[in-house]
Amino acid sequence: MSENQITGRVHSLQSLGTVDGPGIRFVVFMQGCNLRCKCCHNPDTWAVDEGVEYTASQLVQKAERYREYFGPDGGITVSGGEPLLQAEFVYELFSLCKDKGINTCLDTSGSVLSDKVEKLLSVTDRVLLDIKYTDDLLYRENAGCDMDVVLKFLSRLNSLKIPTTLRQVIIPGLNDNDGNIDAINKIVSANPCVDKVELLPFKKICQVKYDSMGIEFPFSHIPEPDPEVINNLKEKLCF
């Protein structure tokens, strides 16, 4: 199979995303994830053998329909699931976007680093990196990977000078504390590529998905955070 015939498994598309990177963006949610985060909003993206198959050129054609809305900052964002599981496909997609002058953004957990991922990063304009916790035990218990893997990925982004937004979902009783924010600030200080940090409130609207799939939502017992707590934590960030 020649390179231009590579297909990727896509869970869904969003035409005018406003929370998936700078500006207005065409968002591609890839199918398949290697993590099992207990706060996951999209358990329907986990299975690697589901989704709709697209070629990179098909997705670029769809994205170009909305180009007039992108403005100077918008573009295409590939999210998941975990897009790094399909790094070869996303590389082809981003390469086509670069040829057409479309800004590229990768939304990832940073849990995979390989030669194919390195190649993908060469055509990535920005990364949205999910730092789920700042404690390795919490990472392994509640996400299914080691924190060191993610920090190594971030270190590579820093070496490549790829502008990076750190994101973290704030979960009551787990990471809604000053110690977590202090750790985030240290991570940011050590990695100048990070130019933005977003703290996102834990939400339970995904409960209906778990119910429909007949599986347990592990964090169903945890309340959503008080908005004032989120605001107080944001004020303690180094930005």
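One can find the structure itself at the top, above this paragraph.
Conventions used here
- Residues numbered from 1 in each chain as written.
- Predicted model: local features only at pLDDT ≥ 70, side-chain atom pairs only at ≥ 80, totals over all residues.
- Heavy atoms only, no water.
- Helix = DSSP H or I, 4+ residues; strand = E, 2+ residues; numbered from the N terminus.
- Rg over C-alpha atoms; globule rule 2.2 N^0.38 Å.
- Buried < 20%, exposed > 50% of the residue type's maximum accessible area, 1.4 Å probe, protein only.
- Contact = heavy atoms within 4.5 Å.
- Areas by Shrake-Rupley, 256 points an atom, 1.4 Å probe, with all protein chains shown as cover.
- Lys, Arg positive; Asp, Glu negative; His and termini not counted.
- Charge placed at Lys NZ, Arg CZ, Asp CG, Glu CD.
- Pairing = 2+ DSSP bridges.
- Phe/Tyr/Trp six-rings, centres within 6.5 Å; stacked < 30°, edge-to-face > 60°.
- Axes fitted to C-alpha atoms, helices over the stretch in contact; angles between N-to-C directions.

Q: Even after reading the chapter, I still don't get the overall build of the chain, so can you show me in this structure?
A: Broken down by element type, the chain carries nine helices and eight strands. Against the compact-globule benchmark of 18 Å for 239 residues, the chain has a radius of gyration of 17 Å, which places it among compact chains. Each of the three principal axes of the chain carries a C-alpha extent, and together these read 50 × 45 × 35 Å. Out of the 239 residues belonging to the chain, those deemed buried represent 47%. Taking the contacts inside the chain whose residues are at least 6 apart along the sequence as the reference set, 70% of them involve residues at least 24 apart. Here the chain has roughly 11300 Å² of accessible surface; of this, 49% comes from carbon and sulfur atoms. Side-chain charges in the chain split into 25 positive and 34 negative, and the spacing between the mean points of these groups amounts to 3 Å.

Q: So what exactly am I meant to see when it comes to the pairing of strand β1 (residues 7-17) here?
A: For a regular strand, the rule is simple: side chains alternate between the two faces of the sheet. Note that β1 and strand β3 (residues 52-55) share four bridges and pair antiparallel. Considered in β3, the bridge of T7 is made with T55. Here five bridges tie β1 to strand β2 (residues 25-30), and the two strands are oriented antiparallel to one another. Across the sheet, the residue bridging to V10 is M30, located in β2.

Q: When you look at unusual backbone geometry in this model, what are you seeing that I'm missing?
A: A negative phi angle characterises most non-glycine residues, just as the trans form characterises most peptide bonds. Of the consecutive residues G80 and G81, the connecting peptide bond is found in the cis state with omega at 10°. Considering the arrangement of structural elements, one finds G81 in the loop between β4 (75-79) and α3 (87-99). Its identity is not glycine, yet K161 carries a phi of approximately 60°, on the positive side. Following the sequence through the fold, K161 ends up in the loop between α6 (147-160) and β7 (164-170).

Q: What is the right way to look at the packing of aromatic side chains in this model?
A: For any two aromatic rings, the description comes down to two numbers: the centre-to-centre distance and the angle of the planes. Considering all chains together, one arrives at six aromatic pairs under this definition. On the basis of an interplanar angle of 75° and a centroid distance of 6.3 Å, the ring pair of F202 and F219 is categorised as edge-to-face. Pair noted here: F202 is in the loop between β8 (194-201) and α8 (207-213) and F219 is in the loop between α8 and α9 (227-235), with a separation of 17 residues, a long-range link. For the pair shown, F202 and F219 are each scored as buried.

Q: Can you help me understand the sheet that holds β2 in this one?
A: In sheet architecture, strand pairing relies on hydrogen bonds along the backbone and comes in two forms, parallel and antiparallel. Within the open sheet, the eight strands sit side by side as β3-β1-β2-β4-β5-β6-β7-β8. Their pairing is mixed. Both outer strands of the open sheet, β3 and β8, are each paired with one neighbouring strand and no more. Shown here is a sheet whose adjacent strand axes are inclined to one another by a mean of 30°, direction ignored. Relative to the sheet, helix α1 (residues 56-64) contacts β1, β2, β3 and β4, its axis offset from that of β3 by approximately 85°.

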